[in-house]
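Structural overview for review
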Amino acid sequence: MLRYVLFLALLCLVVGCGPASDEASDASSAQDAAQAEAQAFLDQHTETYLKLYYDLTRAEWASNTRIVEGDDSNLKAQEAAHAAFAQFTGSTEVIEQTRALLEKEGELTPLQVRQLKAILYSAANNPQTVGDLVTERIAAEAKQTETLFGFDFTLDGQSVSTNDIDDVLAESADLDQRLAAWESSKEVGKELKDGLEHLVGLRNGTVEALGYENYFHYQVSDYGMSVDEMMELNRKFIAEVWPLYRQLHTWARYTLAERYGAEVPTMLPAHWLPNRWGQDWVAMVKVEGLDLDAVLKDKEPEWIVKQAEDFYISLGFEALPEVFWEKSSLYPLPQDAGYKKNNHASAWHLDLENDVRSLMSVQPNQRWWSTTHHELGHIYYYISYSRPEIPHLLRGGANRGFHEAVGSLLGLASMQKPFLAAKGLVEEGAEVDEIQALLAEALDSIVFIPFSAGTMTHFEHDLYAADLPKDEYNARWWKYVEQFQGITPPGERGEEFCDAASKTHINDDAAQYYDYAISNILLQQIHRHIASKILNQDPRATNYYGQKDVGAFLKGILELGSSRDWRQVMQDHLGEDISASATLEYFDPLVEYLETQNEGREHTLPEQPTF
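Quick caveat, the model's predicted, so the values are computed rather than measured.

Within the chain one finds 24 helices and six strands. The C-alpha atoms of the chain give 26 Å as radius of gyration, which agrees with the globular expectation for 611 residues (25 Å, within 12%). For the chain, with 611 residues in total, the buried portion stands at 55%. Taking all contacts inside the chain whose residues are at least 6 apart in sequence as the whole, residues at least 24 apart take part in 78%. When the accessible surface of the chain is split by element, carbon and sulfur atoms take 48% of a total near 26,000 Å².

As structure tokens, then:
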């Protein structure tokens, strides 16, 4: 009898007996039913979403790759596709169903919850409750894009491309020529200013309908952070790199004054710098033994892209799909093309499946060598998470900055001497001034932080979250340019100008430039991990090529998409939180050099940044 009682007790433990067992069974049934209901909705939603998303991205691709003066057919097609996509993603029915399912969040799987929250986030950009506003915003955005990329830049009375302007700023020692090129690059802002003001109001009004305070708040929320937290994070980045940036700023003032035969300025005149926005100064330095421009000038642009593909293949990634080569727009247009295209490099995942493309204007030089490796980083990120385990709605980076970090990481790796020597692009025993090479890198990545985390992020914050009036746009822009970058305009820049709008992202990638600041910090953390934990190499002299362990580590991050919180991904794969410590370690050998160079010189930036 005792054995029978014990048997019954054991059976109850295994399968459950009595009222408690019934309750557990009911709860399990309710959970199964909730998950089945959610999955049915997600499957149906995703099917329609993918079709409309592909229609939209193909229309946007056409608008970016074929801009014909007087022909608005691409513009109209983009507006129609955007309207259809917005009507679906922001429909009242979708919002109500998603919210109802999220009321049972505790009974759903983590992947289902993340997808439902992604649907609501997307809906906030196109809510049907303010349908007229959404329609107006779509039209305004398409018009702004057409104006920006269809603008006719001129220099000395001749039409020029932005590549031509960049070449002048990178190479010319004639200050008059530089000034003309710089001023030409800003003329487009005049045409964009009214449209920008209109878009700020429309974007804010759109997302406010779903409870966001403003468009900046909406974009920041994708990180799971508040606006105050995001602004504090960016200020932390600036403060961490400021001592090194201050040294670079002083070095640049004296170096450029000598180059141009001019007095040393208090702040850097914008047209003295080799970039239209002063966001990188790397062209100031030519590193002996690492002059890729001379090595690459006789190569075909296609060779540059093929070399970047070969880099990824060596890490264990597959060759690029045929659609990439068939449908990308990789090279500058011929003079007689009869149309224009957007020359800003970008990577596209048009169908969230296999249709991956890049839009570039590759030329055989060092800048495009690094850029091509960067853009293919995005492409391989797309390919890595396009797998059955990652739902289509979660096919994105761990956060937006992660996507940029991966691209920039491979751009950095593609410029390190051991890799270039192995590729035969520099001689194995070439004498290279390591400090000059490090200086060149700092003029890129350190200089970028005050621009991205400072000027751009603070200006866009004020634009969307602080009701910045249109008649203060240019003054506020230059206030931040001087405050964070120590750069001043070459002359009076009144409110007839809108110099901020000459930056592509202000118009069509709005309120998220902190993505690039975050990526800049992240890439050094990932690079430090690869160099120290996988390769056992100096992070300033690595060669990733052929290292399958590096590829496997990267794939472990890339294949997750946005299926997990980005902070958890960092802990799982890097074992640390986001910080500029790796960046400062990387550039530590440069500090003593700059202090020696600047001995006896006047620093005009404050010891600490002002916020």
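Moving on, we get to the confidence of the model for the chain. With 96% of its residues at a pLDDT of 70 or more, the chain shows a mean pLDDT of 94. Long-range and interchain partners of residues 1-16, a stretch whose pLDDT sits below 50, account for five contacts in this model, where long-range means more than four residues apart.

With respect to the secondary-structure elements, Thr-604 resides in the segment after helix 24 (588-597). Residue class for Thr-604 comes out buried when judged on its relative accessible area of 17%. Dropping the residues within four chain positions of it, Thr-604 is found in contact with His-249, Arg-253, Thr-266 and Met-267. A polar atom in the side chain of Thr-604 sits 3.5 Å from the side chain of Arg-253. One polar contact links the side chain of Thr-604 to the main-chain carbonyl oxygen of Thr-266, over a distance of 2.6 Å.

Right, let's get into the nonpolar core. Formed by 178 residues in total, the largest nonpolar core has its most connected members in Leu-248, Trp-281, Phe-402, Tyr-544 and Leu-554. Formed by five residues, the second largest nonpolar core is a distinct cluster that contains Tyr-54, Trp-348, Leu-350 and Leu-359.

Unusually for a residue other than glycine, Asp-156 sits at a positive phi of about 55 degrees. Within the fold, Asp-156 resides in the loop between strand 1 (153-155) and strand 2 (158-160). Asp-156 sits in the exposed class, given a relative accessible area of 71%. Even without glycine at this site, Asp-467 takes up a positive phi of about 50 degrees.

An ideal rise of 1.5 Å per residue puts 21 Å on 15 residues; helix 5 (residues 110-124) measures up with 21 Å between its terminal C-alpha atoms. Along helix 5, the positions that sit buried rather than exposed are Gln-112, Val-113, Gln-115, Leu-116, Ile-119, Leu-120, Tyr-121, Ser-122, Ala-123 and Ala-124.

What follows deals with helix 4 (residues 92-102). Buried within helix 4 we find Val-94, Ile-95, Thr-98, Leu-101 and Leu-102. Projected onto a plane normal to the axis of helix 4, the buried residues spread over an arc of 135 degrees and lie on a single side. Facing away from the buried side of helix 4 by more than 90 degrees, the exposed set consists of Glu-93 and Glu-96.

Mapped onto the elements of the fold, His-45 is located in helix 2 (residues 18-65). The buried category is assigned to His-45, whose relative accessible area is 5%. Setting aside residues up to four positions removed in sequence, His-45 forms contacts with Phe-88, Val-94, Ile-119 and Leu-393.

Because side chains alternate across strand 5 (residues 356-359), one face comprises the buried residues Val-356 and Ser-358, and the other comprises Arg-357 and Leu-359, equally buried. Both strand 4 (residues 346-349) and strand 5 contribute to a ladder of four bridges, which runs antiparallel. Across the sheet, the residue bridging to Ser-346 is Leu-359, located in strand 5. Turn length for the strand 4-strand 5 hairpin, with the two strands adjacent in sequence and antiparallel, is six residues, and the turn residue Leu-352 shows positive phi of about 60 degrees.

Turning our eyes to something else, we now look at the packing of aromatic side chains. Per the stated rule, a full pass over the model turns up 36 aromatic pairs. Here a set of aromatic residues connected by ring pairs shows up, and it is made of Phe-311, Tyr-312, Phe-317, Tyr-380, Phe-419 and Tyr-545. A cation over a ring is seen here: Arg-357 above Trp-61, with NZ or CZ 5.2 Å from the ring centre.

The next subject is the pattern of salt bridges. For the structure shown, the criterion picks out 29 salt bridges. Two residues, Glu-37 and Lys-104, come together in a salt bridge whose shortest N-O distance is 3.1 Å. Of this pair, Glu-37 sits in helix 2 while Lys-104 sits in the loop between helix 4 and helix 5, and the two are 67 residues apart along the sequence. Assessed through its relative accessible area of 41%, Glu-37 is described here as partly exposed.

With that out of the way, let us pick up the packing of helix 15 (residues 400-413) against helix 20 (residues 514-535). For the pair helix 15 and helix 20, interaxial distance at closest approach is 7 Å and the crossing angle is 55 degrees. In this view, helix 15 runs oblique relative to helix 20, as classed from their interaxial angle. Of the two elements, helix 15 crosses helix 20, and the hand of that crossing is right-handed. Taking contact as the criterion, the partners of Arg-400, Gly-401, Phe-402, Glu-404, Ala-405, Ser-408, Leu-409 and Leu-412 in helix 15 are, on helix 20, Tyr-514, Asp-515, Tyr-516, Ile-518, Ser-519, Leu-522, Leu-523, Gln-524, Ile-526, His-527 and Ile-530. In the contact of helix 15 with helix 20, the residues fall into 11 nonpolar, five polar and three charged.

Let us look at the environment of Ala-421. Its location among the elements puts Ala-421 in helix 16 (residues 417-422). A relative accessible area of 11% means that Ala-421 is categorised as buried. Separated by 131 residues in the primary sequence, Ala-421 and Leu-290 place their C-alpha atoms 9.6 Å from one another.

Structurally, the position occupied by Gly-491 is in the loop between strand 6 (487-488) and helix 19 (504-508). For Gly-491, a relative accessible area of 35% gives the class partly exposed. Along the primary structure Gly-491 and Pro-269 are separated by 222 residues, whereas in three dimensions their C-alpha atoms are 8.9 Å apart.

Here the focus is the packing of helix 10 (residues 227-260) against helix 17 (residues 434-465). As a packed pair, helix 10 and helix 17 sit with axes 8 Å apart at the nearest point and diverge in direction by 140 degrees. Viewed along their axes, helix 10 and helix 17 adopt a mutual orientation that is oblique. By crossing handedness, the relation of helix 10 to helix 17 is classed as left-handed. For the pair helix 10 and helix 17, contact is made by Val-227, Met-231, Asn-234, Arg-235, Phe-237, Ile-238, Val-241, Leu-244, Tyr-245, Leu-248 and Trp-251 and by Leu-439, Ala-442, Leu-443, Ile-446, Val-447, Ile-449, Pro-450, Ala-453, Gly-454, Thr-457, His-458 and His-461, respectively.

Criteria and cut-off values
Residues numbered from 1 in each chain as written. Predicted model: local features only at pLDDT ≥ 70, side-chain atom pairs only at ≥ 80, totals over all residues. Heavy atoms only, no water. Helix = DSSP H or I, 4+ residues; strand = E, 2+ residues; numbered from the N terminus. Rg over C-alpha atoms; globule rule 2.2 N^0.38 Å. Buried < 20%, exposed > 50% of the residue type's maximum accessible area, 1.4 Å probe, protein only. Contact = heavy atoms within 4.5 Å. Areas by Shrake-Rupley, 256 points an atom, 1.4 Å probe, with all protein chains shown as cover. pLDDT = per-residue confidence, 0-100. Polar contact = N/O pair within 3.5 Å; in protein donor to acceptor, adjacent residues only side chain to side chain. Core = buried A, V, L, I, M, F, W, Y, C linked by side-chain atoms within 4.5 Å. Expected span 1.5 Å × (residues − 1). Arc of directions from axis to C-beta. Pairing = 2+ DSSP bridges. Phe/Tyr/Trp six-rings, centres within 6.5 Å; stacked < 30°, edge-to-face > 60°. Lys NZ or Arg CZ within 6 Å of the ring centre and 35° of its normal. Salt bridge = Lys/Arg side-chain N within 4 Å of Asp/Glu carboxyl O. Axes fitted to C-alpha atoms, helices over the stretch in contact; angles between N-to-C directions. Parallel < 35°, antiparallel > 145°, perpendicular 65-115°, else oblique. Left-handed = near helix turned anticlockwise from the far one by under 90°. Nonpolar A, V, L, I, M, F, W, Y, C, P; charged D, E, K, R; others polar.

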